[in-house]
Amino acid sequence: MKILFATFAAPLALTLGSPAIAQDSTAPVGDVEQPAIDPARLSAAKVTVDYLFPLGTYERMMKGTMDQMMDSIISQSFDRPMAETMKGMGIDDPELDELGDASINDMMLERDPHFRERIQISTRVTTNEMVDLMTSMEPALRKSLANIYARKFTADQLAEMNAFFATETGGAFARDYMMVFVDPEMMQSMMSFVPEMMQAMPAIMEKVEEATAHLPPPKRAEYLEEDSDASMAEEF
C-alpha cells in the first residue's frame, strides 16, 4: 500500500513544491551567479507577484481540485492491467503474462475489500497536509518569482503589467491565472495523455539503457539479494 500511494504522492509534491526553492538576487544557480537586481524593477515585480501569486494560492489550487485529480489518476492507473503497467515501466518479466488482464484494483481488492475507500481517504489526508506544507513554502516561492520577473522584465514593462492587473479585466485574469492549471478540463486533458505515455515508456527505457550501457551496473544492496517478492507483498 505504501509503495502504491507514494507513487502518486511523490510526483504531486515535486510538481507543486519544486518552484518554491528560494533564490537571493545574487544566489548561485548551478555554477552561475545571478546578477544583482535593480531595486526599482524588484519593487515593481513584487507588485506583479502580489497580483499573480498572492498568499493562499496553493490552498486555492489544492482544495478540492487536487482531490479530483488524484481520484482520476488512481482510477485510470489502478484500473489498467497490472502486466501492462509494469511493462510500461520497463519491467519485462515472463511471469507478468500470467497476470492476464488483472489490474492493481483486482489484486488489491482480493486482499482488502476496502482498498478503494482506504486509498481515497489516504489521498484526502495527504492533500490536506500538503496544503499546509505548500503554504509554508509560498513566501520563498514569491521571493523567487519577484527576482525572476525583475530580471526578465524592465521597470516600465512591469509597470504596464501592474496597470493592467489593476483593471477589472486584468484583476480577473490575475486571480485565476494559476487556477487554470488545476481546472477539471485541464486535468482531464493531461490525464488523456497517460495511455500514450505508458505506451511510450518501453521505448524510452530502451534508449535509457542504450545511453547508459557504457556504465558498470550498480552494486546491489545486501537486503535486495533476499527474496524481494515477499517484501514487496508486505509493502502492498
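Throughout, a residue's number is its position along its own chain's written sequence, starting from 1. Only residues with pLDDT of 70 or above have their local features reported here, since the model is predicted, and side-chain atom pairs are shown and tallied only from 80 upward, although totals for entire chains, interfaces and linings are computed over all residues. As a rule here, side-chain values cover all heavy atoms of the structure and leave hydrogens and water aside.

### What about the packing of aromatic side chains?
- Paired rings are identified among Phe, Tyr and Trp, the last through its six-membered ring, by centres lying within 6.5 Å, and are further divided according to the angle between planes into stacked (under 30 degrees), edge-to-face (over 60) and tilted (the rest). Across all of its chains, the model carries seven aromatic pairs by this definition.
- Where Tyr-51 meets Phe-165, the ring centres are 5.6 Å apart and the plane angle is 50°; that geometry is what we call tilted. Residue Tyr-51 is found in helix 2 (residues 39–52), and its partner Phe-165 is found in helix 8 (residues 155–165); the two are separated by 114 residues along the sequence.
- Residue class for Tyr-51 comes out partly exposed when judged on its relative accessible area of 29%.
- Taking the centre distance of 5.8 Å and the plane angle of 50° together, the rings of Phe-164 and Phe-165 count as tilted.
- Exposure classes here rest on a 1.4 Å probe applied to the protein chains alone. A residue is buried below 20% of its type maximum, exposed above 50%, and partly exposed in between. Classification of Phe-164 as partly exposed rests on a relative accessible area of 38%.
- A connected cluster of aromatic rings, assembled from ring pairs, spans Tyr-51, Phe-164, Phe-165, Phe-173, Tyr-177 and Phe-181. Comment: elements are numbered from the N terminus, with helices defined as DSSP H or I runs of at least four residues and strands as E runs of at least two.

### A look at helix 6 (residues 104–111)
- Buried within helix 6 are the following residues: Ile-104, Asn-105 and Met-108. Buried residues of helix 6, viewed axially, fall in a sector of 90°; they line one side. By definition, the arc is the one covered by directions from the helix axis to the C-beta atoms.

### Things to note about a nonpolar patch on the surface
- Where nonpolar side chains cluster on the molecular surface, the patch consists of Val-180, Phe-181, Met-186 and Met-190 and spans about 340 Å² of accessible area.
- Note on placement: Met-186 falls in helix 10 (residues 184–191). The patches reported here contain residues having more than 30% relative accessible area and no salt bridge. Joining distances are 9 Å for like charges and 5 Å for nonpolar side chains (Val, Leu, Ile, Met, Phe, Trp, Tyr). Shrake-Rupley sampling with a 1.4 Å probe provides the accessible areas, and residues are treated as covered by the protein chains on show and by no other component. Throughout this description, the term salt bridge denotes a Lys or Arg side-chain nitrogen within 4 Å of a carboxyl oxygen of Asp or Glu.

### Here's the deal with the nonpolar core
- Nonpolar cores are built from buried Ala, Val, Leu, Ile, Met, Phe, Trp, Tyr and Cys residues. Side-chain atoms within 4.5 Å join them into one set. Of all hydrophobic cores here, the largest spans 24 residues; its most connected members are Ala-45, Val-49, Phe-53, Tyr-58, Met-61, Leu-145 and Tyr-149.
- Contributions of two or more residues to this core are made by helix 2, helix 3 (57–62), helix 7 (115–152) and helix 8.
- Top element by residues in this core is helix 7. It accounts for eight residues.
- Among residues more than four places away in sequence, those in contact with Phe-53 are Tyr-58, Glu-138, Leu-141, Arg-142, Leu-145 and Met-178.
- Counting five residues, the second largest nonpolar core, distinct from the first, contains Phe-78, Met-108, Phe-115 and Ile-119. Throughout, a residue-residue contact means that at least one pair of heavy atoms, one from each residue, lies within 4.5 Å.

### Here's the deal with the confidence of the model for the protein
- On average, residues of the protein score 75 in pLDDT, and 64% of them are at 70 or above.
- What pLDDT reports is the predictor's confidence in each residue, on a scale of 0 through 100. Between the elements of the protein, mean pLDDT differs from a low of 41, seen in helix 1 (residues 2–17), to a high of 97, seen in helix 8.

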